[in-house]
Amino acid sequence: MRRILSVAHNTFIEAIRDRVLYSLILFAIIMILSSLVFASISAEQYNKIVKDLGLTAISIIGILISVFLGIGLVYKEVERKTVYNIFSKPIKRYEFIFGKYLGLGITLFVITLGMALILFLLVLLIEIRYEGLISFYYGGHYYAEFFNAVYFEYLEFLVVIGIALVFSSFTTPIMSALFTFFVIAIGRFSSDIRLFAEEVKSPLTGLFSEAVYRIIPNLEKFDVRSEAVYGGVVNPDLILYTTVYAVIYTLALLILATIIFERKEFK
Amino acid sequence: MSVRTAIKPLIALVILAALVAVSIPFQIRIDDIRGRFRSVEGSLYISSSSLKKLSLGYNELLADIYWIRALQYFGSKKPGEQNPDLLYHYFDIITDLDPKFVNAYRYGGTFLAEPPPFGLGETRKGIDLLDKGRRNNPENYKLPLEEAFIYYFYPKDYEKAAELFREASEKPGISPLRKASITGMAASAHARGGNNELSRKIWEIIYETSPSGGRREFAFRNINEIDTMALEDKLTESLKEYVKRYGRLPSSPEDLARSGIVKNGIPEAPVGGKFILAPKIEAIKSSELSKRKIQEDISFLNAKSARYKKLYGDYPRSPDELRQFIELQTTADFPVHPLGEEYVYDPVTGKVESSVVVD
């Protein structure tokens, strides 16, 4: 465990020194602040526009960071041949993979928290200023739902880092990024696959679609942004089950990445 | 390769499969909690589902973009240049992308349904949009309320309006005062549509259950008005019987009573005042209700005459001009005198008076 934490610590330090990270964070902050401009021309739908745009900005930027930093996690070490140094020490390959993952996971946690706090301050500002209007239109403020939405987005990032890590362990960064985005796109429309499985006449095709639906990452399950605006059911059960689902799925991805990485030979 | 090395990946793969399998009950539980799949209904609409795919799951943001686009488009066009089909399409897409966006149904539905110059006069489309909103947000009271107003003012379908007012009043989470107020609107709509019996029942419920003294008093006044109207109808039936029997109108309600057709004489009017004969429409009317209606009509007509002057610089030149203005610019009809008499209009002062004075 100590070795995993040591790799994680190094990955975290390396990640926060990455220039790409800063430009993405800056872009997120600009997106969040620009929501004020859009809100002003929205016919009094201030909090909806600010929350929608802000939460979307956090999600997009978080996913981009997960993908672009995730795909370099293993590949960079191999490319720079620093991996030889690492494995000359008593570090097992699975510890390396888990440590790398943990390091980026912590980086994402810090970034997501920072972006969420900026957005929350903005939401608070809007909701205090237009208190009466927001209560009338939306029936409440839903601060807990807001943080639930951010938490669910973070769970999605954790899964996405896992996906990027799997691809990064056997292919080039460009191909990894491409594959990861494909999987994200499929995962975002997982319910369409389920719908297809329900609608299709052939039992075999139905079974196959159902299996695909169960195996691909159901990223739709991490979207409760709508509840942050309108309120709604984000009860402890949903939070628990979604967390467990994310953890299990990520664990599966890490094991898969380890299997691939174990078979890799470094010459 | 040793056996141990060969088995290791196999074990890992088994663990992998086991983890995926273990995740399934959690997915099922999540689906149960969240209720079916949120994009299922939307994916049945081709255009919206294509947009959903383009949005990569960020449906709400795309809905916001469409919302702002719709506002920009319709804010920048003159009333005659706006395309109702396009507006409906915009709001249909917005509400497919974000079915909980209640204000999109409200604004879109009202703007479509309201007659020009404030809206596009597409009542059916406005109602369709609000119907969709009610289906997608069954717990929201504002949507049936808004739709009830549309039915009340434009197609003047008072029964449907009353039904929607009642639906709105039964939604969870509304305050007792608002509930009483919306229920009152339902009662008024029933009365306006001629269903006095149902209207009276609703006012009775409000009277018995309302926590507000003012609201109870208002309900009581309405009950009295309905009871007085019922007596008017009953006395008018007797009047018709009198005309059939004697071939002429009685000189007064008392004359009618003396004929013996009305049992137990002329009753007291619950709203006060007395019952009077309206010879031009061959009816018996309550003096108090007629007086109130005449006052209300005169205030309305004077206000419209003043509004005309504000818009065009002078009062309407004739009663016909005033009538045309009212019918084109408002949702109301030109009022009918309750006693079948005339409203006399003076183009010099812009004032309206009743041709008869009721004491």
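Treat the numbers as computed from the prediction; the structure is a model and nothing was measured.

K.L.:
When you look at helix α8 (residues 158-169) of chain B in this model, what are you seeing that I'm missing?
P.N.:
Side chains of residues three or four places apart in an α-helix project in the same direction, reflecting 3.6 residues per turn. Residues and elements named next belong to chain B. Relative to the 16 Å expected for twelve residues at 1.5 Å per residue, α8 spans 16 Å between its end C-alpha atoms, a close match to the ideal helical length. Among all positions in α8, only Y158, A161, A162, L164, F165, R166, A168 and S169 are buried. Next to the buried residues of α8 lie α7 (142-153) and α9 (176-192).

K.L.:
Sorry if this is basic, but what is going on with the confidence of the model for chain B here?
P.N.:
Low pLDDT means the predicted coordinates in that region are not meant to be read closely. All names here are of chain B. The predicted model of chain B has a mean per-residue pLDDT of 82, with 90% of residues at 70 or higher. Across residues 39-46 the pLDDT falls below 50, and counting only partners more than four positions away or on other chains, this stretch makes 13 contacts in the model. Here the predicted complex scores 0.66 on pTM and 0.72 on ipTM.

K.L.:
Explain the interface of chain B and chain A to me, please; I cannot follow it from the model alone.
P.N.:
A common measure of how large an interface is: the accessible area buried when the components associate. Counting residues at the interface gives 33 residues for chain B, matched by 42 residues for chain A. Among the elements of the structure, α1 (3-34), α3 (59-76) and α5 (102-113) of chain B are those that each provide at least two residues to the side of chain B that touches chain A. The element contributing the most residues to the side of chain B that touches chain A is α1 of chain B, with 15 residues. Looking at the side of chain B that touches chain A residue by residue, the classes come out as 20 nonpolar, six polar and seven charged.

K.L.:
In this structure, what is going on with the environment of V224 of chain A? I would like to understand it.
P.N.:
Residue and element names in this part refer to chain A. Summarising the element assignment, V224 is placed in the loop between α11 (203-215) and α12 (225-230). When the C-alpha atoms of V224 and F152 are compared, they prove to be 7.1 Å apart, with 72 residues separating the residues in sequence. With residues near it in sequence (within four places) discarded, V224 still touches N148, A149, F152 and V234.

K.L.:
Honestly, the packing of helix α1 (residues 2-16) of chain A against helix α6 (residues 93-129) of chain A in this entry has me stumped. Any pointers?
P.N.:
Residues and elements named next belong to chain A. For the pair α1 and α6, the least separation of the axes is 7 Å and the interaxial angle reads 45°. Taken together, the axes of α1 and α6 are oblique relative to one another. Along this stretch, α1 crosses α6, giving a crossing that reads as right-handed. Judged by residue contacts, R3, I4, S6, V7, A8, H9, N10, T11, F12, A15 and I16 of α1 engage E95, F96, F98, G99, K100, L102, G103, L104, I106 and T107 from α6. Across the contact of α1 with α6, the residue classes tally to eleven nonpolar, seven polar and three charged.

Cut-offs applied
Residues numbered from 1 in each chain as written. Chains lettered and ligands numbered in written order. Predicted model: local features only at pLDDT ≥ 70, side-chain atom pairs only at ≥ 80, totals over all residues. Helix = DSSP H or I, 4+ residues; strand = E, 2+ residues; numbered from the N terminus. Expected span 1.5 Å × (residues − 1). Buried ≥ 20, exposed ≤ 12 C-beta atoms within 10 Å, placed from the backbone. Contact = placed C-beta atoms within 7 Å. pLDDT = per-residue confidence, 0-100. Nonpolar A, V, L, I, M, F, W, Y, C, P; charged D, E, K, R; others polar. Axes fitted to C-alpha atoms, helices over the stretch in contact; angles between N-to-C directions. Parallel < 35°, antiparallel > 145°, perpendicular 65-115°, else oblique. Left-handed = near helix turned anticlockwise from the far one by under 90°.

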